[in-house]
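Architecture and fold: a report
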Amino acid sequence: MSQTETVRSLRLHARGSLRLDTVQPLPCGPDEVRLKIAYCGICGSDIHEFLGAPIFSPGPGTKNEHTGIGLPVVMGHEMSGTITELGSNVKHLSVGQDVCVNPSLDDRHFGAKSCFSCEGGKTNLCKRWATYGLNASGGGFSDEIVVKDLNCLALPAGVSLKVGALAEPLAVAWHCIRTSGFKAGQSALVLGAGPIGLAILLLLRSWQAEKIFVTEVAEQRMERARQFGADVVINPLQPVSDRGGEGAEKNPVLSTIRESHPDGVDIAFDCSGLQSTLDTGIAAIKPGGTFFNVAIHEKPLQLNLNDIACLEKKLLGGICYLKEDFEQVLEAMASGKIPFEQMITSVVSLDNAIEGGFQSLMKDRAQHVKILIQP
Ligand SMILES: [Zn+2]
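The following paragraphs examine the structure supplied in this document. Numbers given to residues run from 1 along each chain, matching the order in which its sequence is written. For a predicted model such as this one, the threshold for reporting local features is a pLDDT of at least 70, and the threshold for listing and counting side-chain atom pairs is 80 or more; totals across whole chains, interfaces and linings nevertheless cover every residue. As a convention, hydrogens and water are excluded, and side-chain values are obtained from all of the structure's heavy atoms.

It is worth spelling out helix α5 (residues 167-180) at this point. In this description a helix means any DSSP run of H or I spanning at least four residues, a strand means any run of E spanning at least two, and both kinds are numbered starting from the N terminus. For a helix, the expected span equals 1.5 Å multiplied by the residue count minus one. Taking 1.5 Å of rise per residue, the 14 residues of α5 would be expected to cover 20 Å, and the 19 Å separating its terminal C-alpha atoms lies within 8% of that figure. The buried count for α5 comes to twelve of 14 residues, which makes it a mostly enclosed element. Turning to α5, its buried residues number three or more, namely Ala167, Glu168, Pro169, Leu170, Ala171, Val172, Ala173, Trp174, His175, Cys176, Ile177 and Ser180. Phi turns positive, to about 85°, at Gly181, one or two residues after α5. Only protein chains enter the calculation, and the probe is 1.4 Å; a residue is then buried if its accessible area is under 20% of its type maximum, exposed if over 50%, and partly exposed in between.

Printed below as a string of structure tokens:
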């Protein structure tokens, strides 16, 4: 794309104010590449930044201390695209190549000395962590973006730009499964069948889970969890029948799990973040089992640590990925074994991103898994 053309970008100006603006293209530095965006998914965190109390985006009148970016910020961090320009130092990529973007920034982007986490290879925990699409320069809800070359991962043969846009949310799920210690042949409980819960469910199949239980209260999401390969889908609000008599387990999730797994499941992934999912998840795992939190919590929950200590249960959490998570997700995509495209429930144009994208997702949350914006 020539430098004289203008670019349409969906920018967050303030809480509740998202506008499609026309801006000038950014220069492409020596270690950067310019991408024509193909698709960019809307994340739950985008909705939260737009309408809730922002966690990641810069506050009014402030700038991110590492990137120097303040409002308005271009949103969108789940993107795929085609390279249209290469910086002079970029040798491992080529113009015309289809890529997905790992949107994370760390010490390497700022020329800073590696922090403790980066030194240990955990750039996702960098103390200077930032991300395109929330608090760095550029985002995926735009005609184009300029990113560092190290953020680009070439899409393997057979992986379309459309499916490639799912690499980021799937990398979240992959990282959580990997760091939970999950092993083939183990059983799992997924609490909540929203986009991340469903991504974990899909990937657990490729990790050869022995049995996957999913809890969900919305009928449409329960149905989708069945389509996505859950072995058992449980509505935690559905009362247990009385056949157990006095002293029988009254929690429908625990009661159902114990029919086939009397000691409990190996790992529970909490993708809801409620007091009830924390309590149920910890009770559902076997002695020595793992409760893994993937949810973002709006307020602190209560926990009786005796429930952890007495049966040597483990409490872990994670939310962000590493480059190898993207690489392994792309490999899983290229294998063709899992129909990841079933996660895409709608594709809308950039012009229609607010109404057809953000508002539609807020109105019919249970109906959608992933809405992609196509500039
Ligand atoms: Zn660091």
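Here the focus is the coordination of the zinc ion. Donor atoms: N, O and S within 2.8 Å of the metal, or within 3.2 Å for Na, K and Ca. Because water is excluded, sites can look incomplete. Only Asp107 (OD), Cys115 (SG), Cys118 (SG) and Cys126 (SG) from the protein reach the zinc ion as donors, at distances of 2.1 to 2.4 Å. Every geometry call rests on angle ranges, with four donors termed tetrahedral when all angles are between 85 and 135 degrees, four termed square planar and six termed octahedral when opposite donors are over 155 degrees apart and all others are between 65 and 115, and everything else termed irregular. Seen from the zinc ion, its four donor atoms lie at angles of 92 to 121°, and the figure they make is tetrahedral.

A few words now on the sheet that holds strand β16 (residues 314-317). Read across the open sheet, the six strands follow the order β13-β12-β11-β14-β15-β16; overall the sheet is parallel. Two strands lie at the open edges of the sheet, namely β13 (232-234) and β16, each paired on one side alone. Strand-to-strand twist in this sheet, taken as the mean axis angle between neighbours without regard to direction, amounts to 20°. Pairing between strands is defined by DSSP: at least two bridges between them are needed. In the sheet, strand β11 (residues 187-191) pairs with strand β14 (residues 265-270) via four bridges, with the strands oriented parallel. Within the sheet, the bridge partner assigned to Leu189 lies in β14 and is Ala268. Angles shown run from 0 to 180 degrees and are taken between the N-to-C directions of axes, each axis being a line fitted to C-alpha atoms and, for helices, limited to the stretch in contact.

Within the element layout of this structure, Ile196 appears in helix α6 (residues 195-206). Between the C-alpha atoms of Ile196 and Gly76, which are 120 residues apart in sequence, the distance is 17 Å. In what follows, residue pairs with any heavy atoms lying within 4.5 Å of each other are defined as contacts. Contacts of Ile196, omitting those with residues within four sequence positions, involve Pro169, Val172, Cys271 and Val294.

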